[in-house]
Amino acid sequence: MSTHFSTRKTLASFTHFATRSYTSSSPVLDPSLSLLHLLHLSISRHSPSLTKQSHARLHRLGLDQHPVVATKLISAYSLCRNPVDARLVFDSFRYKNVYIWNTMVNGYAKNYLFDESFDLFSQMCLSEDFLPDGFTLSTLSKACGDIGDLRAGEAIHGKCIRIGFLTDIVVSNSLVYVYCKCGKFIDSRKVFDEMPQRNVSSWNSLIAGLVNSREVNVDSCVWEFFRNMRIDGLEPDAFTVSSLLPLCGGDAERWSYGKELHCYIVKNELNVGLGSDVHLGCCLIDMYSRSNKVDVARRVFDCLESRNVFVWTALINGYVQNGASDEAMVLFREMQVRHGVEPNKVSLVSVLPACSSVAGLTAGKQIHGFTMRKELNCETSLCNSLIDMYSKCGSFNLARRVFNDHSFVKDAISWSTMISGYGLHGNGREAICLFEDMLQLGIKPDMITIVGVLSACGRSGLVNEGLTIYNSVVNDYGIKPTLEICACMVNMLGRSGQLKQALEFIKTMPMEPGPSVWGALLSASLLHGNSEMQDLAYNFLIQIEPENPSNFVSISNFYASSQKWDIVAEVRSAMKEKQLRKLPGCSWITLNSETHSFYVADKTHSCSDMIYEMLEELLLVMKGDVDYPDTEYLT
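Procedures and definitions
- Residues numbered from 1 in each chain as written.
- Predicted model: local features only at pLDDT ≥ 70, side-chain atom pairs only at ≥ 80, totals over all residues.
- Heavy atoms only, no water.
- Buried < 20%, exposed > 50% of the residue type's maximum accessible area, 1.4 Å probe, protein only.
- Helix = DSSP H or I, 4+ residues; strand = E, 2+ residues; numbered from the N terminus.
- Arc of directions from axis to C-beta.
- Contact = heavy atoms within 4.5 Å.
- 1 Å grid on protein atoms, 1.4 Å probe; cavity = no way out; pocket = protein on both sides within 12 Å on 5 of 7 lines; lining within 4 Å.
- Points joined across faces, edges and corners; volume = space filled by probe spheres on them.
- Nonpolar A, V, L, I, M, F, W, Y, C, P; charged D, E, K, R; others polar.
- Salt bridge = Lys/Arg side-chain N within 4 Å of Asp/Glu carboxyl O.
- Expected span 1.5 Å × (residues − 1).
- UniProt positions renumbered as here; feature names shortened; annotations may be inferred.
- Axes fitted to C-alpha atoms, helices over the stretch in contact; angles between N-to-C directions.
- Parallel < 35°, antiparallel > 145°, perpendicular 65-115°, else oblique.
- Left-handed = near helix turned anticlockwise from the far one by under 90°.

Going by an unreviewed UniProt entry, the chain carries the name Pentatricopeptide repeat-containing protein and comes from Rhododendron simsii.

(A) Highlighting helix α11 (residues 185–193). Those residues of α11 that fall on the buried side of the exposure criterion are F185, S188, V191 and F192. Along the long axis of α11, the arc covered by the buried residues comes to 120°, so they all point the same way. Exposed side chains of α11 directed beyond 90 degrees from the buried face belong to I186 and K190. Contacts from the buried residues of α11 go to α9 (150–163), α10 (169–181), α12 (200–212) and α13 (218–231).

(B) Molecular detail of the side chain of S205. Here S205 is to be found in helix α12. Residue contacts for S205: discarding those within four places in its chain leaves N173, V176 and C180.

(C) How the structure looks around empty space enclosed by the protein. Here the structure, examined in full by the defined rule, presents one cavity of 30 Å³ or more. Looking at the largest cavity, its volume works out to about 50 Å³. Forming the walls of the largest cavity are H55, L58, H59, D64, A70, L73, V89 and S92. For the lining of the largest cavity, the secondary structure elements donating two or more residues are α3 (48–60), α4 (67–79) and α5 (83–92). It is α3 that provides the largest number of residues to the lining of the largest cavity, a total of three residues. Looking at the lining of the largest cavity, its residues break down into four nonpolar, three polar and one charged.

(D) Region of the structure containing the pattern of salt bridges. Taken as a whole and assessed by the stated rule, the structure comprises 14 salt bridges. Note that E235 and R230 form a salt bridge whose closest N and O atoms lie 3.7 Å from each other. A residue is classified by how much of its surface remains accessible, and E235, at 45% relative accessible area, is partly exposed. Take R230: its relative accessible area is 36%, and that puts it in the partly exposed class. One salt bridge connects E465 with R429, and the closest N-O pair in it is separated by 3.0 Å. One end of the pair, E465, is in helix α27 (residues 463–475); the other, R429, is in helix α25 (residues 428–440), and 36 residues separate them in sequence. Residue E465 is classed as partly exposed on the basis of its relative accessible area, which comes to 27%.

(E) Structural detail: the environment of G281. Tracing the backbone through its elements, the reader meets G281 in helix α16 (residues 276–290). Classification of G281 as buried rests on a relative accessible area of 2%. Along the backbone, G281 and F301 are 20 residues apart, and their C-alpha atoms lie at a distance of 6.9 Å.

(F) Highlighting the layout of surface pockets. Estimated volume of the largest pocket: approximately 740 Å³. Among the elements of the structure, α6 (98–110), α8 (134–147), α10, α12, α14 (238–244) and α16 are those that each provide at least two residues to the lining of the largest pocket. It is α12 that provides the largest number of residues to the lining of the largest pocket, a total of seven residues. Residue composition of the lining of the largest pocket, grouped by class: 13 nonpolar, 14 polar and four charged.

(G) Helix α30 (residues 515–528), seen in detail. Spanning 14 residues, α30 covers 20 Å between terminal C-alpha atoms, matching the ideal 20 Å at 1.5 Å per step. Those residues of α30 lying buried are V517, W518, A520, L521, L522, A524 and S525. As for α30, its buried residues are in contact with α28 (483–495), α29 (499–507) and α31 (531–544). Note on α30: the residue one or two positions beyond its end, G529, has a positive phi of about 65°.

(H) Structural context of the UniProt feature "repeat: PPR" (unreviewed entry) in the chain. Under the local residue numbering, the UniProt record ascribes the feature "repeat: PPR" (unreviewed entry) to residues 97–132, 168–202, 308–343 and 411–445. The distance from the first to the last C-alpha atom of residues 411–445 is 10 Å, and the span holds 74% helix and 0% strand.

(I) Structural view of the packing of α8 against α9. As a packed pair, α8 and α9 sit with axes 9 Å apart at the nearest point and diverge in direction by 160°. The pairing of α8 with α9 is recorded here as roughly antiparallel in orientation. Considering the relative orientation of α8 and α9, their crossing is left-handed. Two secondary-structure elements touch here, α8 through L137, L140, S141 and C144 and α9 through A152, G153, I156, K159, C160 and I163. Looking at the contact of α8 with α9 residue by residue, the class counts come to seven nonpolar, two polar and one charged.

(J) Up close: unusual backbone geometry. The phi dihedral of R81 is positive, around 60°, even though this residue is not glycine. Tracing the chain through its elements places R81 in the loop between α4 and α5. Taking the relative accessible area as the measure of exposure, R81 reaches 53% and is therefore exposed. Backbone geometry at N292 places phi at a positive 60°, although glycine is not the residue there. Mapping N292 onto the fold places it in the loop between α16 and α17 (294–303).

The following block contains the structure:
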C-alpha cells in the first residue's frame, strides 16, 4: 500500500515538474515533458532513434529507477525489435514489480524469443516477492500457441488452476487459443464450456481456432457457433467476420454467406477504425476473388479509404487467380508508379504467375532484378516462384541458375518445382536424377513432387523408371496414391501405347477414378487411334461431368470422325437442351509491350488478312507444295 502511494506521489510530482516551466514570459518545453512525448511517440511509431533519445533523457533527469517510465521504455525497445536493450533496462532496475516482469516477458514473446520468455517466467516464479498474474499467464499461453508447444500450454493451464486464475476471462481465452493452435479442439471446447463468463474474444478464439483446424464438417460447426454467439447476445466484431470470410466463396451457397457478411460489415460500420478498413477489405477482396467475382473485388478495392501493400497484393492475386494476368500487371505497375507503394515478398510471389502466362520473360526478369536490389533473393518462396516462372517462360537455364543459388534454403517445393520444370521441357532423365538427389538429402517427397517426376517420365517415355518410382514412394515412403498420381500413371502407360495396362491400373485404383484419370486414358487412346478405349473413356467422362461442354464437343467430334451422324445429332441436341457452350480456345503473343490475343477462326485483329495469308503460305510449305530456292530465307 505504501509502495503504491509512493508511486502515485512520485508521478504527481513528476507531472508537476514537467509542466511548471510553462510561463507567459518563457514558453519553453521542459525536458521531462519532452521525455513523456518521446516515450509515447517511440511506442506509437516503433522508432529506435526516439527510444534512444528517451533513454538518454531519462538518465539525465535521474528517472532511471522510476517504475512507470522504465516499463514504457522496455515496451518501446521491444516494439522496435531491440530486446537486448530492453533487457538491459530490465536488469538495471533494482526494485522490480510484477508489471516490469510482465513487460519484459511480453517483449520477448513479441520478438519471437519464446525460450527467453519462458526462462524469465521461471525466474519470476522462483522469486518469493512476485506471483504471475493474468497478464503473465495469458502472454505465455499465447506464446505456447504460436510455437505449437502443447506440453508447455498444458503446464501453463495447470499453473492457472493452482493459483486460481482459471476464472480470469483473458486467461481462459488464451487457453482456448493455445489448444486450438495445437490441434486439440476438444480440449479447447472443454475450456470454453467451463468458462463462467464469455465475451466476444472468447467466441472469436473458438471460431478462429476451428477455422484454422482441419476438422471434418468444419463449416457447419463454425456457423453453429456463430449462431450461438448471437443467441448469447454478443454482436460479432471485425475479427469475427474476418475469421468467417475465408469459409465463404467458391460455390453459390458459400458466396451468399459472404455477401451477407459484407452487408453486416457495412450496416454495423465494422470497417471504421484503426486497421479495420484495410484488414476487412483484404478479406472481402479474397472472398470475392475465390468466387470468380473479381469485378466485385475491384469495387471493394476502389471503395477503401486507405490502401496499403496488403490490399494491393490481395487484388493482384485475385486477378491472377481469375486468369486476368494483363490486369494484374497493370495494377502492379500502378501500385508502384502512381501510388508509390513498394511491393513486398508476397506481392512479388503473387504477380510472378502473370509473367508466366502473359507478361513474358522480360517482366519476369525485371521482377527478378527488383528482388536482387532489395536483397530478397534469400527468400525461399520467392525463389521457388522465380524457378516456376523461368521454366514456364521457356528459359530453363535461368531457372536452373536460381535453383543452384546457395543464398536460399531449398525446401520440398523448390525441388518439386525444378523437377516439374525438367518434365515440362522433356528432360525426364534429369528429373529422375534430381529426384534421387532430393531423396539422398533426406527430403521426403510429397504429392506434388511425385506428380512432377511421374509427369516427366510420361513425357520422356520412361515407363519402367516411372513404375519403379511409383512402387518406391508407395511401399518405401508410405505415400497413398491420389487421383493426380494415378492420372500420371495412366497417362504414362497410355502414351507409351500400353492402353490395356492403363485400363488395368484404373481398375485396381484405391479410389474411384475421376475426370483426370479418364481424360488421361482418352488422350492416350486418341494418340494411338484406339476407338474402343475412346468410347469407354467418353462414356465415363459424360457420367462424371455431365455439365462439362468440352466432353460433349469431344465426343461429338469422335463420332463425326466415324461418320456416325445420328449420334452426333443426339449429342448436339443434348448440349442444346443443357444450354452448354464450350468457350473457344485462345492464344496470345506479346510484342512491344502489347499483348495480341487470337481465338479460333478469329478475324477481329486489325492485321488478320495478313496473318491468314502468311498461315496459308506456311501450310503450303509444311505440305511441301511450294519450293523456295532461297534456303536462307527459310532459316
